[in-house]
Structures are given as C-alpha cells and as structure tokens.
Amino acid sequence: MFFKRKKKITDESYGAFGTGTVLSLEQVPDPVFAQKMMGDGYAIELTEGTIVAPSEGEVTVVFPTGHAYGIVREDGVEILVHLGIDTVQLEGKGFVSHVKVGDKVSRGDKLATMDLDLIKAAGKSIISPMIITSGQAITLHRDGETVTPTTEDIFSVNA
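Only a predicted model underlies this, so the values are computations on that prediction, with no experimental measurement involved.

**Student:** In this structure, what is going on with the side chain of Gln 136? I would like to understand it.
**Tutor:** As for its placement among the helices and strands, Gln 136 is situated in the loop between strand E11 (127-132) and strand E12 (138-140). Judged by relative accessible area, Gln 136 falls into the buried class, the value being 14%. Among the polar contacts listed, one links the side chain of Gln 136 to the side chain of Ser 134, at a separation of 2.5 Å.

**Student:** Help me understand unusual backbone geometry in this model?
**Tutor:** Excluding glycine, residues mostly carry a negative phi; peptide bonds, for their part, are mostly trans. Phi at Lys 36 is positive, roughly 55°, even though this residue is not glycine. With respect to the secondary-structure elements, Lys 36 resides in the loop between helix H1 (31-34) and strand E3 (40-46). Residue classification places Lys 36 among the partly exposed residues on the basis of a relative accessible area of 35%.

**Student:** Looking at this model, I keep getting lost on the sheet that holds strand E4 (residues 50-52). Mind explaining?
**Tutor:** Across a sheet, paired strands are connected by hydrogen bonds in the backbone, their directions being either parallel or antiparallel. Across the sheet, which stays open at both edges, the three strands sit in the order E4-E10-E8 with antiparallel pairing between neighbours. Both outer strands of the open sheet, E4 and strand E8 (95-97), are each paired with one neighbouring strand and no more. Each strand of the sheet is rotated relative to its neighbour by a mean of 20°, with strand direction disregarded. As paired strands, E4 and strand E10 (residues 110-114) are joined by three bridges and run antiparallel to one another. Each bridged residue has a counterpart across the sheet, and for Thr 50 the counterpart in E10 is Thr 113.

**Student:** Would you mind showing me how to read the pairing of strand E2 (residues 20-24) here?
**Tutor:** Within a regular beta strand, the side chains point alternately toward one face of the sheet and then the other, so they alternate between its two faces. The buried fraction of E2 amounts to four of the five residues, a majority that puts the element mostly inside the structure. Where E2 and E3 come together, five bridges link them in antiparallel fashion. Within E3, the position partnered with Leu 23 by the bridge is Ala 43. Sheet topology places E2 next to strand E13 (residues 146-147); two bridges connect them, and they run antiparallel. Looking at E13, one finds that Thr 21 is bridged to Thr 146.

Scoring rules and cut-offs
- Residues numbered from 1 in each chain as written.
- Predicted model: local features only at pLDDT ≥ 70, side-chain atom pairs only at ≥ 80, totals over all residues.
- Heavy atoms only, no water.
- Helix = DSSP H or I, 4+ residues; strand = E, 2+ residues; numbered from the N terminus.
- Buried < 20%, exposed > 50% of the residue type's maximum accessible area, 1.4 Å probe, protein only.
- Polar contact = N/O pair within 3.5 Å; in protein donor to acceptor, adjacent residues only side chain to side chain.
- Pairing = 2+ DSSP bridges.
- Axes fitted to C-alpha atoms, helices over the stretch in contact; angles between N-to-C directions.

Right, dumping it as structure tokens:
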C-alpha cells in the first residue's frame, strides 16, 4: 500500500493581506465566518483597497466576481481571502483581479484591488476574512492592531 505523506507545516508567521484593523473571526458580521464553519482565521476591517498575498503559494481559486481568492502553499496550507461580507451580490462591481488560477504568488504580490467607497455605498461590509480552509487552527498575534501589507507576524498556523 502507498500512503500519502503529509507535508510538514512550517513554523512560519504570515503577513497581512491588506491595510486596516485586525479583528478576530468572532467579530466578523457573518455567522459562517464568525463561527469558523469554513475554518480558523482572522479578518481586517480595510482602510485601503489593495489586497496582497499573505504568503507564497499557487492561486487555486479566483471567484469570477473578484471577491475571493484561494492560495495553496507548498506545505499544504490552504488560504481563502474573502473580500467584504455579502459582496458576491455586487456581481464583480468594485473588484479588479490581478491574478488568475495557476499563478504562483509570493507574499506581498497584488491579488486584487477593491473600491471600498463603492462597496460601502452598496451597503456591504468591508470587513474581510482570511480563512485557513485546510483545517489548521491559528494563533492571532495582532488582534486589534492597525496593519499594512508590510506588517510581519500577523498570525501563525498551529501544526
């Protein structure tokens, strides 16, 4: 029999995917995220619309509406960056994608641009969750702090 070996999760911390205030998932105004139904993670209440990769990996999901992006790291950790709450209802208005499925990204590479004013004017929240969809828990290091894409050590994945 052949068994698939799990790759070791590196003890690396991750950077921010945008500029704003870090929130725990429990503060996200959507029960799917707040109750961690999709996985553990954190959110940023954005103050700027540039969204970057929080880690290196391969882009595996780009929603046609531009509101969500999936990245899989070499160690198997799967990341979902979801821009705003209920923003899928905007049908792509306010979002510009800068990547496509199959692209390799490094931490800090631009994933998307979002028009925060348009999104808020449409009555949608700009609180944006980042979820570890591969099942690992995280330790959040910067809860309540203001961060930018260059801020180090936002969270770490618990192996």
